[in-house]
Amino acid sequence: MTTRRWQLAHGRHLELGGKAVVVGILNVTPDSFSDGGLFASREQAVAQARRMVEEGAEVIDVGGESTRPGASPVTIEEEQARVLPVVEALAGLGEALISVDTYREDTARLAVAAGAHIVNDVWGLRREPGIARVAAETGAGLVIMHTGRDRQKLPDVIEDQFFFLRKSLEIAHASRVADGQIVLDAGFGFAKETAQENLELMARFSELAALGYPLMAGTSRKRFIGNVTGRDAMDRAAGTAATSVILRLKGAHLFRVHDVAINVDALAVTDAMLAREIPGS
């Protein structure tokens, strides 16, 4: 897999391609679908982040608003009150790269100022396109996620990815975000309503390489894994790790997960196998 440098804020970068990068999910929310309320205080959140770093996470993704279907929206003031103290505390520790999971321009700007290196927008720059300006002005890494929410999707799962993400990339380029700052996320579970749709997306994931950007996979504990395994959200770590292996083989660079250790191990074995397939390795 070709190695690429992902440009991040504060003069940082990540080399993508040579080995899988695990991104630990840190929801500082009361109502996220599998871990709501577990890390609501700054102390709990920081302790969980440190555990994930010890287990091998290179990035911690901090989110202050649940994105599960039917979740109640929060005000921007509440989101910032949850997220910014945690970002600031993690930046002070300097143990991991920090991502902020937000679609709001002002929250993104304040989070980067507090020490975040990456902005992760689950609405693909469609809710607040100004979030692209934040990335352009700060040099932050920008994760642009595909979603089918609040719109009519195309019937073919990959055609819809290209239709949505190409428009999002136009927004990013109009704000002068550099290509080296951009990672794309296929948005597993975001208005992919059936297990079949998510499985088809996974089976055809390698087709997304044609977009020309590094790819993030976010399958962690998703409902379609439960549909396949019959397990509740908190018991889907092994199923998630299986999807991580499949998606690494199909070209994913980063893996956003709740359960870090099992995914780190599964991806290490996958990378070792991939390395043996390269002549001279």
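Calculation notes
Residues numbered from 1 in each chain as written. Predicted model: local features only at pLDDT ≥ 70, side-chain atom pairs only at ≥ 80, totals over all residues. Heavy atoms only, no water. UniProt positions renumbered as here; feature names shortened; annotations may be inferred. Helix = DSSP H or I, 4+ residues; strand = E, 2+ residues; numbered from the N terminus. Rg over C-alpha atoms; globule rule 2.2 N^0.38 Å. Buried < 20%, exposed > 50% of the residue type's maximum accessible area, 1.4 Å probe, protein only. Contact = heavy atoms within 4.5 Å. Areas by Shrake-Rupley, 256 points an atom, 1.4 Å probe, with all protein chains shown as cover. Lys, Arg positive; Asp, Glu negative; His and termini not counted. Charge placed at Lys NZ, Arg CZ, Asp CG, Glu CD. Pairing = 2+ DSSP bridges. Axes fitted to C-alpha atoms, helices over the stretch in contact; angles between N-to-C directions.

Under the annotation held in an unreviewed UniProt entry, the protein carries the name Dihydropteroate synthase and is attributed to Mesorhizobium amorphae CCNWGS0123. Database annotation for the protein, UniProt heading Catalytic activity (unreviewed entry): "(7,8-dihydropterin-6-yl)methyl diphosphate + 4-aminobenzoate = 7,8-dihydropteroate + diphosphate". Per UniProt, the comment on the protein under Function (unreviewed entry) is "Catalyzes the condensation of para-aminobenzoate (pABA) with 6-hydroxymethyl-7,8-dihydropterin diphosphate (DHPt-PP) to form 7,8-dihydropteroate (H2Pte), the immediate precursor of folate derivatives."

### Topic: the overall build of the protein
The helix and strand inventory of the protein stands at nine helices and 10 strands. In terms of overall dimensions, the protein is globule-like: its C-alpha atoms have a radius of gyration of 17 Å, near the 19 Å expected for 281 residues. Based on the C-alpha atoms only, the size of the protein along its principal axes is roughly 45 × 40 × 40 Å. Going through the 281 residues of the protein one by one, you find that 54% of them count as buried. Summarising the internal contacts of the protein: among those between residues at least 6 apart in sequence, 68% fall at separations of at least 24. Of the roughly 11900 Å² that the protein leaves accessible, carbon and sulfur atoms contribute 52%. Between the centroid of the 31 positive side chains of the protein and the centroid of its 37 negative side chains there is a distance of 2 Å.

### So, the sheet that holds strand β3 (residues 21-27)
If you trace the eight strands once around the closed barrel, you get β3-β4-β5-β6-β7-β8-β9-β10, paired in parallel fashion. Shown here is a sheet whose adjacent strand axes are inclined to one another by a mean of 25 degrees, direction ignored. The pairing of strand β8 (residues 182-185) with strand β9 (residues 215-217) spans two bridges and is classified as parallel. Paired with Asp 185 across the bridge in β9 is Met 216. Sitting on the sheet, helix α5 (residues 157-174) is in contact with β7 (141-145) and β8, with an inclination near 150 degrees to β7. Packed on one face of the sheet, helix α8 (residues 237-249) meets β9 and β10 (254-257) and runs near 165 degrees to β10.

### Some details on unusual backbone geometry
One non-glycine residue, His 10, lies in positive phi territory at about 60 degrees. Take His 10: its relative accessible area is 46%, and that puts it in the partly exposed class. At Arg 221, a residue that is not glycine, the phi angle is positive and equals roughly 60 degrees. Within the secondary structure, Arg 221 is located in the loop between β9 and α7 (223-229). Owing to a relative accessible area of 6%, Arg 221 belongs among the buried residues under this scheme.

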